Amino acid sequence: MKVLILGSGGREHAMAWKLAQSSMLHELYVAPGNAGTASLGKNVALDPLDFDGIADFVKAQNINILVVGPEAPLVEGIQDYFTEREELSFCTVIGPNKKAAQLEGSKDFSKQFMQRHNIPTAKYGSFTKSSLSQGKTFLKNMKAPYVLKADGLAAGKGVLIIDNLAEAEKALEEMLVNSKFGDAGKKVVIEEFLKGIEVSMFVLTDGTSFKILPEAKDYKRIGEGDTGLNTGGMGAVSPVSFVNQEFMEKVKNQIIIPTVKGLKKDGIHYQGFIFFGLIKVGGDPYVIEYNCRMGDPETEVVLPRLKSDLLHYFEGIATGTLSECDLEIDPRTASTVIAASGGYPENYEKGKTIEGLNQPIKGSIVFHAGTALNEKGIVTNGGRVLAVTGLGADVESATNKSYGTLSEISFDGMYYRKDIGKDLLKEKVKS
Ligand code: AMP
Ligand code: GLY
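In this report, the structure presented in the accompanying data block is examined.

### Some remarks on the overall build of the chain
And then number 1: Looking only at helices and strands, the chain has 13 helices and 21 strands in total.
And then number 2: Taking 2.2 N^0.38 as the reference for a compact globule, 431 residues should give roughly 22 Å; the C-alpha atoms of the chain span a radius of gyration of 21 Å, in line with that estimate.
And then number 3: With respect to the principal axes defined by its C-alpha atoms, the chain has extents near 55 × 50 × 45 Å.
And then number 4: Relative to its 431 residues, the chain shows a buried fraction of 57%.
And then number 5: Residue pairs at least 24 apart in sequence account for 69% of intrachain contacts in the chain once pairs closer than 6 positions are excluded.

Structure (structure tokens):
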């Protein structure tokens, strides 16, 4: 099969790495890719939002499978673009259509969906400029802290958690009246605050059957001990110690099955990954958010634990035979640690030469995120630069491998958190 992956991060490198192991793969392309994907397939200088350009490439190369890494092309309707054109029907898009991608693209849509299908989630109300005063009344009737979410995509920055009522009211006004988050904040969802521990679950579905992939915990803040600004994710671990069989059963029966069935019932065809951002409150799972794609850096721990052939799954989606595919998971623990550019998630410089990439220690994999190849060699080209994954018998041995390999790597301004997985070690001691 011929595959084109859209995207350029660690997630896309991990997907390329996994697909490159498949005996079913004939050719692999990544658009635009990074220095890591260039060693596994051919990078193509195409923007994932340039649907015409992608379609021309797909036709010219006879691409069978188009894997969409990031959410933006899905929310913009790349799946619909392909299914509406007869001449592209030979290519299966792995990723949902525009309507289904609203699960991520609109918080209001996803809350209504969950309410309609009795999927556990925080209580909420949603408001626009014309219902600002009702929004303020709603806030007054909630308890602190107050959770305010811009309805649309806001590059991971659209969620505010505020302790004080007056400040929450002010923030609501800024979003609705002063367009604090632009169009994304024209509608605001106000939610009940849920206190618990977060975990991410991933499912690959053809719209009817599904495979539950390994769960992961993401470390979102820039600083150690989960302090400082939010980032795209500074590390991840899989499996997650508090996800036991009883909890998994609840997730499957109360969340995953109702989601897949609910989509079908609503007449929304969904093919691709569903990312469930969950929170465990007193033993029960609640949905914090849906994403219509895989997570980054979660993919860098999920796929190394998947023993089954990912391309076989994609073929299963193309032919409606996903239910016949086996699911085999590596019982080992995977951890990934992000090496970021100094200054990230605020301003940072690019173009720093990366040294020491060639000697990963056994049991570790260096996934590239923001890297590029130029006359100086491999250089930094983004905020999150590398995701170094380790596999081991437990969290300690997996993270030791990530950190061992990272200790050989350097670039000007390189920063990484030294505490990825440490909270899970403490939990193991407690239990
Ligand atoms: P979201 O973009 O919806 O995933 O929200 C970003 C982050 O805000 C989540 O990962 C949580 O840490 C936090 N968060 C969102 N909604 C809630 C909620 N209802 N209660 C507590 N924390 C929340
Ligand atoms: N790491 C969180 C995300 O991919 O949304």
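So, next bit.
### Regarding the side chain of Lys280
And then number 1: Examined against the element boundaries, Lys280 turns out to sit in strand β15 (residues 272-281).
And then number 2: The buried category is assigned to Lys280, whose relative accessible area is 17%.
And then number 3: Within the local environment of Lys280, its side chain forms a polar contact with the backbone oxygen of Phe242, the two atoms lying 3.3 Å apart.
And then number 4: Setting aside residues up to four positions removed in sequence, Lys280 forms contacts with Lys195, Gly196, Ile197, Phe242 and Phe247.

### Observations regarding the pairing of strand β9 (residues 187-191)
And then number 1: Counting buried positions along β9 yields four of five residues, so the element is predominantly enclosed.
And then number 2: Across five bridges, the pairing between strand β6 (residues 124-128) and β9 is antiparallel. The residue of β9 that forms the bridge with Phe127 is Val188.
And then number 3: In this structure, strand β7 (residues 146-150) lies alongside β9, joined through four bridges in antiparallel fashion. Opposite Ala150, over in β9, you have Val188 as the bridge partner.

### A few points about the site of ligand 1
And then number 1: The environment of ligand 1 is made up of 14 residues, and the closest members are Glu191, Glu192, Leu194, Glu198 and Glu289.
And then number 2: Here an oxygen atom of ligand 1 sits 2.9 Å away from a polar atom, N or O, in the side chain of Lys149.
And then number 3: Separating an oxygen atom of ligand 1 from a side-chain N or O atom of Glu198 is a distance of 2.5 Å.
And then number 4: Burial of ligand 1 by the protein chains amounts to 86% of its free accessible area of 470 Å².

### Examining the pattern of salt bridges
And then number 1: Summed over the entire model, instances satisfying the criterion amount to 22 salt bridges.
And then number 2: Residue Lys107 pairs with Glu289 through a salt bridge whose shortest N-O separation is 3.6 Å. Here Glu289 lies in strand β16 (residues 284-291) and Lys107 lies in helix α6 (residues 107-116), a separation of 182 residues in the sequence.
And then number 3: A salt bridge links Lys220 to Glu198; the nearest nitrogen and oxygen atoms lie 3.9 Å apart. Of the two residues, Lys220 sits in the loop between β11 (210-218) and β12 (221-223) while Glu198 sits in strand β10 (residues 197-205), which places them 22 residues apart along the sequence.
And then number 4: Accessibility expressed as a relative area gives 42% for Glu198, which makes it partly exposed.
And then number 5: It is possible to trace a salt-bridge network through shared partners that takes in Glu71, Glu104 and Arg293.

### Some details on helix α12 (residues 395-406)
And then number 1: For α12, spanning 12 residues, the distance from its first C-alpha to its last is 16 Å, which sits close to the expected 16 Å at 1.5 Å a residue.
And then number 2: Those residues of α12 not exposed but buried are Val395, Ala398, Thr399, Ser402, Tyr403, Thr405 and Leu406. Projected onto a plane normal to the axis of α12, the buried residues spread over an arc of 165° and lie on a single side.

How each quantity is defined
Residues numbered from 1 in each chain as written. Chains lettered and ligands numbered in written order. Predicted model: local features only at pLDDT ≥ 70, side-chain atom pairs only at ≥ 80, totals over all residues. Heavy atoms only, no water. Helix = DSSP H or I, 4+ residues; strand = E, 2+ residues; numbered from the N terminus. Rg over C-alpha atoms; globule rule 2.2 N^0.38 Å. Buried < 20%, exposed > 50% of the residue type's maximum accessible area, 1.4 Å probe, protein only. Contact = heavy atoms within 4.5 Å. Polar contact = N/O pair within 3.5 Å; in protein donor to acceptor, adjacent residues only side chain to side chain. Pairing = 2+ DSSP bridges. Near = heavy atom within 4 Å. Areas by Shrake-Rupley, 256 points an atom, 1.4 Å probe, with all protein chains shown as cover. Salt bridge = Lys/Arg side-chain N within 4 Å of Asp/Glu carboxyl O. Expected span 1.5 Å × (residues − 1). Arc of directions from axis to C-beta.

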